[in-house]
Each structure stands twice: as C-alpha cells, then as structure tokens.
Amino acid sequence: MEHTASSIPSKMKAWVYSEHGKPVDVLKLDSNYDVPSLKEDQVLIKVVAAALNPVDFKRMLGMFIHSDSPLPSVPGYDVAGVVLKVGSQVRTLKEGDEVYGNINEKGLDRPKRSGTLPEYTVAEENLLALKPKNLGFIEAAAIPLAIGTAYEGLQKTALSAGKSILVLGGAGGVGTMVIQLAKHVFGASKVTATSSSAKLELLKSLGADLAIDYTKDNFEDLPEKFDVIYDAIGQSERAVKAIKEGGKVVTIEPVGELAEPAFRFILTSSGAMLETLNPFLENGKVKPVIDPRGTFAFSQTPQAFSYLETGRVTGKIVIHPI
Ligand code: NDP
C-alpha cells in the first residue's frame with residue numbers, strides 16, 4: 001500500500017493502556033485514538049512494523065512509575081516505517097523516506113505517551129536513520145533499541161580489539177547484538193556467551209567463539225577470566241567474580257543489586273549511532289535476529305507481550321502488519 005501525506009487521517013487504531021497491570025489485562029485496542037501532532041523537529045511516520053522490548057511490559061506493570069509519563073499510554077519504542085510528513089525544522093529526512101529508530105531519546109525519562117504500536121507515530125529526526133537497503137521493515141524494526149543498548153554498553157566498557165568478552169544472556173534481543181558487535185565491530189579477540197542448551201548453536205553462528213550452557217556450567221567457575229562482561233540478565237554479583245583485574249562489568253538490568261565494580265546505564269537513542277552501524281547491517285556482518293515464532297499481527301499484540309514476558313524469546317518479537 002502506498003503511504004502519502006494526503007492519506008493521513010486524524011484518528012487511528014492504537015493499543016492503549018489506562019492503568020498498570022499485565023499486558024493481557026490492561027492493553028486495549030482503541031480505534032479512535034488521536035494521530036499525534038507534529039513538532040518542528042519531528043517527522044510523522046506510517047508504522048509498518050514495531051518491535052517489542054521488555055521495557056514496554058515493565059512500564060505497563062508500573063515498574064518505572066516515578067520517571068514515566070502519565071497514563072493513558074501507547075507502548076512501543078522501536079519502529080520501521082515511511083515518513084509521511086516533516087516538521088518545519090527537519091533538515092535531512094523527507095516525505096517517502098523509509099526509516100527506522102527508537103523513538104524515545106532517554107529510555108526511562110518520560111517516554112512518549114504515543115509509542116510505536118498505533119498506525120502512525122512521531123519521532124525527532126535525530127532519533128531516526130534511513131532503513132538499511134538490504135533489510136525489510138520487519139527486520140529493521142527488530143534492530144534499534146537492542147543494537148543501541150549493545151553499542152552504548154560496549155563503548156562504556158571500552159571494549160577494543162584484542163580484548164575478551166563474556167556476554168550473559170547471549171540469545172536475547174540485546175545479547176544477540178552484543179555478540180555480533182563485539183566480534184565484528186569492536187574486534188574482540190574472544191567472545192564467550194551464555195544461553196540454555198538449545199540456543200548454543202545460534203550463539204556460535206552470531207560470532208561466539210565459545211558458548212556456555214548455563215544449565216550445566218557456572219561461568220564464574222571457569223579457569224578463564226574476561227576483560228569485559230556484558231550482563232544482560234542482572235547477575236552482576238556473579239559476573240564480578242569472572243573479570244580480570246581491572247576488567248569491566250556492565251549490567252543493563254535496570255533494577256536490583258549492583259556488585260562493585262559493575263556499573264549500569266540506561267540507553268540513549270541516537271539516529272547517528274544507527275547510521276554508524278548501517279554499513280555493518282548492509283554488508284551482512286551484523287544481522288537482526290527474530291524469534292522463529294516472533295512475528296505477530298497487530299491484533300495479536302497482547303499475546304506477543306505474553307510470549308516476551310516468559311523471558312525465553314530468542315532475539316526479537318516484531319508486530320507486523322500494522
Ligand atoms: P529478552 O527478553 O530478549 O531476553 C530473553 C533471553 O534471555 C532468552 O533468549 C533467554 O535465553 C535469555 N536468558 C534468560 N535467563 C538467562 C540466564 N540465566 N542466562 C543466560 N541467558 C538467559 O531481553 P532483552 O535482551 O531485550 O533485555 C535484557 C534485559 O535488559 C531486560 O531486563 C531489559 O529490561 C534490560 N534492558 C535494559 C536496557 C537499558 O538501557 N538499561 C535496554 C534494553 C534492555 P534462554 O531461553 O536460553 O534462557
């Protein structure tokens with residue numbers, strides 16, 4: 001279907017929650033939701049595909065109530081779609097551009113009330129990049145928040161060529177990106193990653209030199225120690241036992257205890273970062289990973305969240321078509 005500015009309605013379909021709770025209980029489909037108005041530095045996007053992230057259901061559960069936006073709210077950070085209209089201060093993007101990005105600059109600081117799970121969304125131009133030419137909308141939607149978190153975390157650990165890294169949670173949305181970036185962008189000498197038994201081959205196919213089955217082995221009992229540990233699970237207490245002297249542990253689990261010298265951060269979305277990584281996506285060195293049963297129709301969004309909440313998803317879940 002062609003998407004043009006002249007076809008923009010004033011109302012749209014959107015998944016909305018007006019109270020906190022589990023997605024299956026609180027997410028409601030509203031067919032008469034206002035299409036968001038456009039600010040000067042923003043573009044209006046026809047959402048073609050949107051990926052889910054754990055932060056979406058954690059916000060819905062009310063976990064970040066102190067820094068969250070007021071309800072009602074439409075969830076969703078990751079989008080791939082077509083620019084339909086540009087604000088007066090927008091410099092590079094134009095109508096018809098195929099874009100992707102994470103529409104919330106600060107992950108937990110007043111995210112937009114109208115997210116990426118309606119038919120149309122708005123985002124600041126500087127949070128978006130042109131969609132990699134070789135990827136479809138479903139694949140592109142699966143990338144921004146996860147790759148951004150992976151890249152920012154690896155930068156903060158100062159991972160560089162020749163260093164070793166252990167990735168805890170290698171099969172998740174973020175972990176699958178950390179493995180690929182560590183190996184193919186940052187040039188780590190040895191990438192080790194953890195998952196359950198059935199996902200070990202996937203970790204290797206993404207670039208892990210060694211895949212550890214956490215149901216059988218404890219990584220902190222290995223004789224080998226690591227320069228960097230990227231903890232996507234929330235196991236900093238165990239992780240600090242497995243670093244070399246002077247090594248770095250970054251954890252992205254936003255709540256819970258943090259063992260010294262581990263540190264945590266909350267991601268910042270950036271279109272420029274996506275543009276930096278586009279060549280690695282376009283030459284196929286870094287690939288989006290979508291769960292084998294991870295594409296859900298828009299009408300199945302609550303069911304998609306239920307699957308994500310199991311914590312067993314491989315890579316990403318994407319909602320399409322919207
Ligand atoms: P996912 O839901 O994609 O992670 C699911 C994966 O985790 C599964 O494949 C599962 O593999 C794996 N897993 C679960 N338990 C373990 C374990 N004990 N050891 C190894 N692997 C395990 O989550 P994301 O990757 O999207 O996010 C990870 C966490 O980071 C979440 O808590 C999220 O909220 C947070 N986050 C924080 C950000 C920040 O800015 N600070 C940004 C993005 C995410 P298996 O089935 O094999 O167990």
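See the structure shown above.
A. Inspection of the overall build of the protein at higher detail. Of the regular secondary structure elements, the protein holds 9 helices and 15 strands. Here the protein has a C-alpha radius of gyration of 19 Å; the compact-globule value for 322 residues is 20 Å, and the two agree. The principal-axis extent of the C-alpha atoms belonging to the protein is close to 65 × 40 × 35 Å. Here the protein holds 322 residues, and 56% of them are scored as buried. A separation threshold of at least 6 residues defines the contact pool for the protein, and within that pool the share at least 24 residues apart is 69%. Accessible surface computed for the protein: about 13,500 Å², of which carbon and sulfur atoms make up 51%. Across the protein, the 35 positively charged side chains and the 38 negatively charged ones have centroids separated by 2 Å.

B. A look at a nonpolar patch on the surface. A cluster of nonpolar residues, Leu61, Met63 and Val255, forms a patch on the protein surface that exposes about 230 Å² of accessible area. Its place among the elements puts leucine 61 in the loop between helix H2 (54-60) and strand E4 (78-86).

C. Broad picture of the side chain of asparagine 102. Inspection of the secondary structure assignment puts asparagine 102 in strand E5 (residues 98-102). You can call asparagine 102 buried: its relative accessible area is 2%. Within the structure, the side chain of asparagine 102 is placed 3.0 Å from the backbone nitrogen of asparagine 104, a separation counted as a polar contact. Excluding residues within four positions of it along the chain, asparagine 102 makes contact with Tyr77, Asp78, Leu127, Pro144, Leu145, Leu267 and Ser269.

D. Molecular detail of the pairing of strand E8 (residues 164-168). In terms of residue burial, E8 counts as a mostly covered element, since 5 of its 5 residues are buried. The alternating pattern of E8 places Ser164, Leu166 and Leu168 on one face and Ile165 and Val167 on the opposite face, and all of these are buried. For E8 and strand E9 (residues 190-195), the ladder comprises 4 bridges, and the chain directions are parallel. Counterpart to serine 164 in the pairing with E9 is lysine 190. What joins E8 to E9 is helix H5 (residues 173-184), and the crossover it makes is right-handed. The pairing of E8 with strand E11 (residues 226-231) spans 4 bridges and is parallel. If you follow leucine 168 over to E11, its bridge partner there is aspartate 231.

E. Geometry of the environment of alanine 141. Within the fold, alanine 141 resides in helix H3 (residues 137-141). Overall, the relative accessible area of 0% leaves alanine 141 in the buried class. In this structure alanine 141 touches Ala49, Ala50, Ala51, Asp78, Val79, Ala80 and Val318, once residues within four positions along its chain are discounted.

F. Spotlight on the environment of methionine 177. The residue methionine 177 is located in helix H5 in this model. With a relative accessible area of 2%, methionine 177 lands in the buried category. With 30 residues separating them along the chain, methionine 177 and isoleucine 147 place their C-alpha atoms 5.6 Å apart. When sequence neighbours within four positions are dropped, the list of residues in contact with methionine 177 reads Ile143, Ala146, Ile147, Ala150, Val286, Lys287 and Pro288.

G. Quick peek at the site of the ligand. Near the ligand you find 27 residues, and of these Lys58, Ser196, Lys199, Tyr214 and Val313 are the closest. Between serine 196 and the ligand, the recorded distance is 2.5 Å, taken from a side-chain N or O atom to an oxygen atom. Isoleucine 252 has a polar backbone atom sitting 2.9 Å from a nitrogen atom of the ligand. A total of 920 Å² of accessible area belongs to the ligand in isolation, and the protein chains cover 89% of it.

H. Looking closely at the packing of aromatic side chains. Enumeration over the complete set of coordinates arrives at 3 aromatic pairs. Considering the side-chain rings of tryptophan 15 and phenylalanine 298, the 6.2 Å spacing of their centres and the 65° angle between planes classify their relative orientation as edge-to-face. Of this pair, tryptophan 15 sits in strand E1 (residues 11-16) while phenylalanine 298 sits in the loop between strand E14 (290-296) and helix H9 (301-309); the two residues are 283 residues apart in sequence, bridging distant segments of the chain. The ring of tyrosine 120 carries the charged tip of lysine 46 above its face, separated from the ring centre by 5.7 Å.

I. Region of interest: the packing of helix H4 (residues 144-156) against helix H8 (residues 271-282). Between H4 and H8, whose axes approach to 11 Å, the crossing angle comes to 100°. The pairing of H4 with H8 is recorded here as roughly perpendicular in orientation. Only Met273, Leu274, Thr276, Leu277 and Leu281 of H8 make contact with H4, whose side of the interface consists of Pro144, Ile147, Gly148 and Tyr151. Residue composition of the contact of H4 with H8, grouped by class: 7 nonpolar, 2 polar and no charged.

Conventions used here
- In this numbering scheme, every chain counts its residues from 1 along its sequence in written order.
- Owing to the predicted nature of the model, reporting of local features is limited to residues with pLDDT of at least 70; listing and counting of side-chain atom pairs is limited to 80 or more, with chain, interface and lining totals taken over all residues.
- Heavy atoms from the whole structure form the basis of all side-chain values; hydrogens and water molecules are not counted.
- Helical segments are the DSSP runs of H or I of at least four residues, strand segments are the runs of E of at least two, and each set is numbered from the N terminus.
- Radius of gyration here is computed from C-alpha atoms only, and the compact-globule reference equals 2.2 Å multiplied by the residue count raised to the power 0.38.
- Burial classification: accessible surface area is computed with a 1.4 Å probe over protein chains only, and a residue below 20% of its type maximum counts as buried, one above 50% as exposed, and the rest as partly exposed.
- Residues are treated as being in contact if the distance between any of their heavy atoms lies within 4.5 Å.
- Using a 1.4 Å probe, the Shrake-Rupley method yields the accessible areas, and only the shown protein chains count as cover for residues.
- When charges are counted, Lys and Arg are positive and Asp and Glu negative, with His and the chain ends excluded.
- Charge positions come from single atoms, namely NZ of Lys, CZ of Arg, CG of Asp or CD of Glu.
- Here, patches come from residues exposed beyond 30% relative accessible area and free of salt bridges, joined within 9 Å for like charges and within 5 Å for nonpolar side chains (Val, Leu, Ile, Met, Phe, Trp, Tyr).
- Salt bridge, as used here, is a side-chain nitrogen of Lys or Arg placed within 4 Å of a carboxyl oxygen of Asp or Glu.
- Any pair of nitrogen or oxygen atoms within 3.5 Å is treated as a polar contact; in protein, a donor-acceptor pairing is required on top of that, and neighbouring residues in sequence qualify only through side-chain atoms on both sides.
- The rule for pairing is simple: two strands pair if DSSP sees at least two bridges between them.
- Here a crossover is taken to be right-handed if, once the strands point away from the viewer, the path from the first strand over the helix to the second is traced clockwise.
- When we say a residue is near a molecule or strand, we mean one of its heavy atoms is within 4 Å of it.
- For Phe, Tyr and Trp, where Trp contributes only its six-membered ring, two rings pair if their centres lie within 6.5 Å, and the inter-plane angle classes them as stacked under 30 degrees, edge-to-face over 60, or tilted in between.
- Only lysine NZ and arginine CZ atoms are considered, and such an atom sits over a ring when it is within 6 Å of the ring centre and within 35 degrees of the ring normal.
- Orientation is described by lines fitted to C-alpha atoms, with helices fitted over the stretch in contact, and by angles between N-to-C directions that extend from 0 to 180 degrees.
- Any angle from 65 to 115 degrees is called roughly perpendicular, while one under 35 is roughly parallel, one over 145 is roughly antiparallel, and all others are oblique.
- Classification convention: Asp, Glu, Lys, Arg as charged; Ala, Val, Leu, Ile, Met, Phe, Trp, Tyr, Cys, Pro as nonpolar; all other residues, Gly among them, as polar.

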